[in-house]
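The chain contents come next:
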Amino acid sequence: MEKMQTKMNNTDQVLNKALAFYGRREQEIKVCEELGELQQAVFKSLKGTPSKANLTEEIADVLITIEYLKKIHNIKDEDIEFLKNGKIIRLMEKIKADEYNLYPEPEY
């Protein structure tokens, strides 16, 4: 547990240093670049040429840049989790509704 906390602190320090060194604007541009690279990796997968290694790398890059966004805009993990949970609940409700529309109960 202590190793994990040290790693998190080191990551936080590196992200803070990068923000201070490169600046907010450059790091937000980096977010857009990384999202585009992830999008390309997903499209390659959809076209039948998936690369698990490439997808994994691009997801890691996007997750790192999301940390920049959270820092820049002072977004808390708890706020994200709250919204994610609400969206998951809505997705479950949509799936149930769509299943019902596909397989409605027979009328007698």
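The preceding data block contains the structure.
Everything in this summary refers to the structure shown in the same document. This is a predicted model, so every value here is computed, not measured.

Turning to the packing of aromatic side chains, a few remarks are in order. Taken as a whole and assessed by the stated rule, the structure comprises one aromatic pair. When the ring of phenylalanine 21 is compared with that of tyrosine 22, the centres are 4.9 Å apart and the planes differ by 90°; the resulting orientation is edge-to-face.

In this section: the environment of glycine 86. Inspection of the secondary structure assignment puts glycine 86 in helix α4 (residues 77–102). Along the primary structure glycine 86 and glycine 36 are separated by 50 residues, whereas in three dimensions their C-alpha atoms are 27 Å apart.

The subject of this paragraph is the layout of surface pockets. There is about 180 Å³ of room inside the second largest pocket. Lining the second largest pocket are Asp12, Glu67, Lys70, Lys71, Asn74, Ile75, Lys76, Asp77 and Glu78. Taken together, the elements giving at least two residues each to the lining of the second largest pocket come down to α3 (52–72) and α4. Tallying contributions element by element places α3 first for the lining of the second largest pocket, with three residues. Its residues assigned to classes, the lining of the second largest pocket shows one nonpolar, one polar and seven charged.

What follows concerns the nonpolar core. Core analysis: the largest hydrophobic core is formed by five residues, namely Leu15, Ala18, Leu19, Tyr68 and Ile72. Elements supplying a minimum of two residues to this core: α1 (2–22) and α3. Among the elements that take part in this core, α1 stands out by supplying three residues, more than any other. Once you skip the residues sitting within four places of it in the chain, leucine 19 turns out to touch Arg24, Gln27, Tyr68, Lys71 and Ile72.

Calculation criteria
- Residues numbered from 1 in each chain as written.
- Predicted model: local features only at pLDDT ≥ 70, side-chain atom pairs only at ≥ 80, totals over all residues.
- Heavy atoms only, no water.
- Phe/Tyr/Trp six-rings, centres within 6.5 Å; stacked < 30°, edge-to-face > 60°.
- Helix = DSSP H or I, 4+ residues; strand = E, 2+ residues; numbered from the N terminus.
- 1 Å grid on protein atoms, 1.4 Å probe; cavity = no way out; pocket = protein on both sides within 12 Å on 5 of 7 lines; lining within 4 Å.
- Points joined across faces, edges and corners; volume = space filled by probe spheres on them.
- Nonpolar A, V, L, I, M, F, W, Y, C, P; charged D, E, K, R; others polar.
- Core = buried A, V, L, I, M, F, W, Y, C linked by side-chain atoms within 4.5 Å.
- Buried < 20%, exposed > 50% of the residue type's maximum accessible area, 1.4 Å probe, protein only.
- Contact = heavy atoms within 4.5 Å.

These results come straight from atomic positions and should not be treated as a statement about function.
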